[in-house]
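These are the residues of each chain, in order.
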Amino acid sequence: MFSPWISRPFFLLFAIPVFSCTTIGFHEETIRNSMAFGEEVSFRVCVIKEKGVDEEDVTTLFQAWNEELRYYHLKAEPKVLAEMERPGFYGSDILDYLLSYPMLDSCDRLLYLKGRTWGDVFFEIVTLGIFAGVGLKLEVQGAVEGKTNTKGYIKAKYISTIQLLFTSPKSTLIHEGYHLLGCGHQLWMKECYERIRDVKSLLNDPKRDPNFFPVITTSGKKILKRPI
Ligand SMILES: [Zn+2]
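Residues numbered from 1 in each chain as written. Predicted model: local features only at pLDDT ≥ 70, side-chain atom pairs only at ≥ 80, totals over all residues.

Caption draft 1: Summary view of the packing of helix 4 (residues 55-69) against helix 8 (residues 169-179). Running from amino to carboxyl end, helix 4 crosses helix 8 at an angle of 50 degrees, the nearest separation of the two axes being 9 Å. Considering the angle they form, helix 4 stands oblique to helix 8. Crossing angle aside, the handedness with which helix 4 passes helix 8 is right-handed. Where helix 4 abuts helix 8, its residues Leu61, Ala64, Trp65 and Glu68 lie against Pro169, Lys170, Leu173, Ile174 and Gly177. By residue class, the composition of the contact of helix 4 with helix 8 is six nonpolar, one polar and two charged. (Axes fitted to C-alpha atoms, helices over the stretch in contact; angles between N-to-C directions. Helix = DSSP H or I, 4+ residues; strand = E, 2+ residues; numbered from the N terminus. Parallel < 35°, antiparallel > 145°, perpendicular 65-115°, else oblique. Left-handed = near helix turned anticlockwise from the far one by under 90°. Contact = placed C-beta atoms within 7 Å. Nonpolar A, V, L, I, M, F, W, Y, C, P; charged D, E, K, R; others polar.)

Structure representation (structure tokens):
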């Protein structure tokens, strides 16, 4: 699932300054408050990070995500697995790498935190030029694979380029975090609330691996057992 500022840049150009929203859809507080999300449950998010993304960044990012997850009585617990060099320049290289990376027994989700290299800075300058020229933002801030919705990456480091006008590592994590719970993109959040409620109800499914926090993929497939 690519972030919507790729597929719907013009919509977000309009929307972000006007509304305070999660970037995945607009919250519907009354509906959310009327729904029962059950007990508080934690899930374990294993983190692979690049050099330059430090423990403090991980803590700050997860604090922001957990503030959002409180709505659903959920908590994401980070566990840093490894620090490594980027497996390839493009986001698709990272997703390919994650798809082949085994989901360990101690992990319910896998999150790759991308840092910022000189190559990235160069790429940002080039895409900034394209952005200024034709009004398109080509750079992807994060993505979650659609096969199991359990593995994804975000750009964890930005500096003060035009990116910060549109997004931040925290809002990217919140956005991709919704995909990690099975939500797609929608204008209004009701559908996503229902998805999270349904995912939580899978905790009572007898077919579930008791050591895995399940998910329903964006296309509606139940993932009850740890993928690969
Ligand atoms: Zn998205």
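Caption draft 2: Just helix 9 (residues 190-201), in detail. Taking 1.5 Å of rise per residue, the 12 residues of helix 9 would be expected to cover 16 Å, and the 17 Å separating its terminal C-alpha atoms lies within 8% of that figure. Listed in full, the buried residues belonging to helix 9 are Cys192, Tyr193, Arg195, Ile196, Val199 and Lys200. End-on view of helix 9: buried residues confined to an arc of 160 degrees, all on one side of the axis. For helix 9, the secondary structure elements touched by its buried residues are helix 3 (29-34), strand 1 (41-50), helix 8 and strand 6 (215-216). (Expected span 1.5 Å × (residues − 1). Buried ≥ 20, exposed ≤ 12 C-beta atoms within 10 Å, placed from the backbone. Arc of directions from axis to C-beta.)

Caption draft 3: A look at the confidence of the model for the protein. With 81% of its residues at a pLDDT of 70 or more, the protein has an overall mean of 85. A low-confidence stretch, residues 2-22 (pLDDT under 50), is modelled with 28 contacts involving residues beyond four sequence positions or located in other chains. (pLDDT = per-residue confidence, 0-100.)

Caption draft 4: Inspection of the sheet that holds strand 1 at higher detail. Judged by pairing direction, the sheet is mixed, and its five strands sit side by side in the order 2-1-3-5-4 without closing on themselves. With partners counted over all chains shown, the strands left at the sheet margins are strand 2 (74-84) and strand 4 (142-144), one partner each. Taken over all neighbouring pairs, the strand axes of this sheet differ in orientation by 20 degrees on average, direction set aside. Bridge analysis of strand 1 against strand 3 (residues 109-114) gives five bridges, and the strand direction is parallel. What sits directly across from valine 45, in strand 3, is arginine 109. (Pairing = 2+ DSSP bridges.)

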